[in-house]
Amino acid sequence: MITLSINEKEITLEKPVTLLEAAKQAGIKIPTLCYHEALKPFGGCRLCVVEVERMPKLQTACTLMSADGMVVKTESDAISKVRRGILEFLLINHPLDCPYCDKAGECELQDLVKKYGAGAGRYKEEKRKVPESHKDQILARNMERCVVCTRCVRMCSDVQGASAITILGRGDHSRMEPFSAASFNCEYCGNCLTVCPVGAILSRLYIHSFRPWQIDKEVETICSYCGVGCSLVAQVRDDTIKRVIPGTGFGLNHGLLCSRGRFGYEYINSSERLRTPLVRKNGRLEESTWSEALSLVADKLSAVKKANGGAAIAGIASPRCSNEDNYVFQKFMRMACGSNNIDSVSRTGFAAAQKYFEDLLGQGITANLIDGIKNSEAVLVLGGDPTAINPILGLSIREAARRGAKLVVLGSAKGLEKFKTLQVLPDLFKEAEVLEALLTEISSVKSVRGEIPAMDKGIRMLSEKARGKINVTGFDELRKTLLGSKSTSVVLGMDLVQRTNGNRSLFAVAGLTYLLEARLYLLSEKPNEQGLIDAGCVPDMLPGGRPLGIYDFKRKYEAAWSGTIPQEDGLTLLEMIEGAKNKNIKAMYVMGENPVFNLPDGHYVKDALKALDFLVVQDIFLTETGELADVVLPALGWTEKTGTYTNLERRIQLQRKAVESSSGMEDWRILSEVSGKMGCRMDYTETKDVMDELARVSPLYRELTYPEIGKGNCLWPYNGEPLRGEVSEVPAAVDAAREYKEDFYLAVEKPLFHSGTLSRRSPALMKIYPEATLKIGAKSAGKLGLNDGDRVQFFTQAGSKEAAVSVDESIKDNRVYYSNNFQGGGVYSLLTFSVDKITKAPGLEGCEVKIKKV
């Protein structure tokens, strides 16, 4: 224990911290400009100087560690004189444009000058002149205001790891500049905005549009984009979100945001939002009333159920909707429609992988804290780039590398290029062979653990049929790295799940996780992929992860819901599409999803949905799927409703309502209205009623309340009871042998600046990344005689597109990448697929593409 005195107040510390931190814990504020809690101490501005007894000079509180017996003063005439002098120096060149500057009202320099002076400047020399830069479409720079605290540079290099900006010049010519002079050309996380203490860096999204004191309210909520679930603060004025900033002192993102979270919020105010129900009349969608639309949906679904049985109705839930929405959706499908045909687009990746791992290793195997990655000795990344899919998780991987962890990338991860210790590049689409060989090698050293007999047996069987030594550069070093690590994290992206033989890679990853006792993380592209699974939006599980086939669980839910749940497991997502195509599925209810755009072979999916007798789409925009619907129902979006989301750590978080909207209704409320009209009454008046029921009937959510969830520490297994069952037999690996000898193959790009189709309605994100480009490796580009910006046509069996070329040095093989985010058709419209018979996920590998320069 350390005891010291600050301003005659005795403070006791459990461990040494800086004097600045010690004072903060005691509620004593010491002024700073260069210090920020997210950055390492710098000691540059000297404003935090304090007097320490028995030390002859003033000391910087941000760098001096506390010691037992210290006596410290943070305010005195001498200290104030020094601070006033420092501020006077800063004001020599700092413009006195507070009435004009957007930072006024939250400017740290302004606050310090008000408290310490100087009241007037003694310097008569002309202030420096640096032209204000608006060359970048998102960030504006005014270097006349810069105080050279270097917070922005240190944030960019030491925390974000992008190293996109630096300080140029010396003395009074010092200024911050991006390495690309015209624009920032960076990851556009905007974290430099967070740490800038003055108005030197500003967001052009809201420049000159409001003052901080004009904000009506600030609402703590969570991001609507990926599965990390970053905490943020929505600032509201006139019932419109004016700005999004990271929260301080709460949330798993520690005050950091990515480009989507910080700048992607504008879609909620889009003029393209659905405002009223639409009903198809005479072949066209026309505006209708809620009464007419809801009655039509209820009548049509009831008629299909009566004529063909509940199994003729299918439902697609949404990983963008809340736990409450998804819970009511599966209850509506099972009780009102009489169908277990419930699934989501997450089946194409996350849901398929999560089920496979939990069947083998037990529930909660992927429930690991993101911060745990930072403390790993080794991190294995495969199947995608975490810095693009889940950027804040990617920052934890970068931080682990900075702390000395060995970072191994199997395949490619562009955002980790500067941080990787080792990159292993398997032959094209041969990751499964490398992973199986790795598991075999490690099992020969580690041997079996004996905790899960089925896993032990599966690993032994794999070792017995080992195909000999793998000849891949870096394989031996990879094996040694994993065997030498006492704390390993495995980060798996969905690219390896979306393979015809994806089950092979998944078993190998499960085996490595098991033998190495590693933490397993599944990258999640949508905000509630885990939550919709836990809420029961899967064809074979009830809420809380209870198997449908176990009678006692089924009976409990039937008693709670006062009805009968169908006996048989339902269809998975792609089975539903096939069922619609062959007319076994007559009606489909789609909530918050766009399967025509977000599923491979979009033309096939479109034809399948056209074959339905009745299609209902419930969304906030008129999507490609909505254009085919018989009824379109407008829902509420992010910040327009309250609800809970479960992130990839399995942390349940509260999304709070921030603005009022007349655009639609909550998803759960729409479903409740339709259900009531079908004779299945649901007594909910507010979102809390849904959560109360979920906490009452689901063993996993037992006794959870909004106040408890709102604290942000609601971690698996909450107050509930996870199942501890395990499979008795590992599913036999299924493979489809194939040689890959074509010139080029088309793959899915996962851009940092976009997520699904929501981001294309965010003007800021569209400015950063305005159109899809065909990403191609330098070697392949040279082979075709292509340069950056050249336009090409590319053809697959399913269709063709035209796009500009973007040469990407990180692409080492003959795959070319195209995104699935922009209007007019994405990469999925060009991809054909075959289904992994075990995971039921689509295999997207091996789609041959021909490229022709325009």
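Going by the structure above, here's the rest.
Bear in mind the structure is a predicted one, so any value in this text is a computation, not a measurement.

**Student:** Account for the sheet that holds strand 30 (residues 773–776), with residues named and values stated.
**Tutor:** Read from one edge to the other, the open sheet built from seven strands follows the order 36-29-33-30-32-31-37, with strand pairing classed as mixed. Every interior strand has two partners, whereas the edge strands, strand 36 (847–848) and strand 37 (850–853), have only one. Sheet analysis places strand 29 (residues 745–748) next to strand 33 (residues 815–818), joined by four bridges and oriented parallel. Each residue of the ladder has a partner; that of Val-748, found in strand 33, is Tyr-818.

**Student:** Quick one: what's the story with the environment of Ser-463, residue by residue and with numbers?
**Tutor:** Relative to the assigned elements, Ser-463 resides in helix 13 (residues 453–464). Separated by 20 residues in sequence, Ser-463 and Ser-443 place their C-alpha atoms 8.0 Å apart.

**Student:** Outline the packing of helix 8 (residues 323–336) against helix 22 (residues 687–697), supporting the account with residue identities and numerical values.
**Tutor:** It is at 9 Å that the axes of helix 8 and helix 22 come closest, and there the two elements cross at 70 degrees. What the angle tells us is that helix 8 and helix 22 run roughly perpendicular. As for the relative orientation of helix 8 and helix 22, their crossing is left-handed in sense. Residues Glu-324, Tyr-327, Val-328 and Lys-331 of helix 8 form the contact with helix 22, whose participating residues are Thr-687, Val-690, Met-691, Glu-693, Leu-694 and Val-697. Residue composition of the contact of helix 8 with helix 22, by class: six nonpolar, one polar and three charged.

**Student:** Go over the pattern of salt bridges with me, naming the residues and quoting the values.
**Tutor:** Summed over all chains, the structure comprises 50 salt bridges. The salt bridge partner of Asp-325 is Lys-641, with a shortest N-O separation of 2.7 Å. With Asp-325 in helix 8 and Lys-641 in the loop between strand 26 (631–634) and strand 27 (643–646), this residue pair connects regions lying 316 residues apart in the sequence. Exposure remark for Asp-325: the relative accessible area of 0% places this residue in the buried category. The salt bridge involving Asp-790 is made with Lys-853; its shortest N-O contact spans 3.5 Å. Taken together, the positions of Asp-790 in the loop between helix 25 (778–784) and strand 31 (791–796) and Lys-853 in strand 37 put the pair 63 residues apart, joining distant regions of the chain. Taken together, the salt bridges that share partners define one network made up of Glu-75, Arg-83 and Lys-115.

**Student:** For unusual backbone geometry, give the residues involved together with the corresponding values.
**Tutor:** Here the residue pair Gly-117 and Ala-118 is connected by a cis peptide bond, since its omega of 0 degrees sits within 30 degrees of zero. Within the element layout of this structure, Ala-118 appears in the loop between helix 3 (108–116) and strand 6 (139–141). Residue Pro-717 is reached from Trp-716 by a cis peptide bond, and omega for that bond is 0 degrees. Assignment of secondary structure puts Pro-717 in the loop between helix 23 (706–710) and strand 29. With a phi close to 75 degrees, Arg-54 is a non-glycine residue in the positive phi region. Its location among the elements puts Arg-54 in the loop between strand 3 (49–52) and strand 4 (59–60). Positive phi outside glycine occurs at Ser-562, with the angle close to 55 degrees. With respect to the helices and strands, Ser-562 occurs in the loop between helix 17 (551–561) and helix 18 (573–581).

Calculation criteria
Residues numbered from 1 in each chain as written. Predicted model: local features only at pLDDT ≥ 70, side-chain atom pairs only at ≥ 80, totals over all residues. Heavy atoms only, no water. Pairing = 2+ DSSP bridges. Helix = DSSP H or I, 4+ residues; strand = E, 2+ residues; numbered from the N terminus. Axes fitted to C-alpha atoms, helices over the stretch in contact; angles between N-to-C directions. Parallel < 35°, antiparallel > 145°, perpendicular 65-115°, else oblique. Left-handed = near helix turned anticlockwise from the far one by under 90°. Contact = heavy atoms within 4.5 Å. Nonpolar A, V, L, I, M, F, W, Y, C, P; charged D, E, K, R; others polar. Salt bridge = Lys/Arg side-chain N within 4 Å of Asp/Glu carboxyl O. Buried < 20%, exposed > 50% of the residue type's maximum accessible area, 1.4 Å probe, protein only.

Function-wise, these values are silent; they only describe arrangement.
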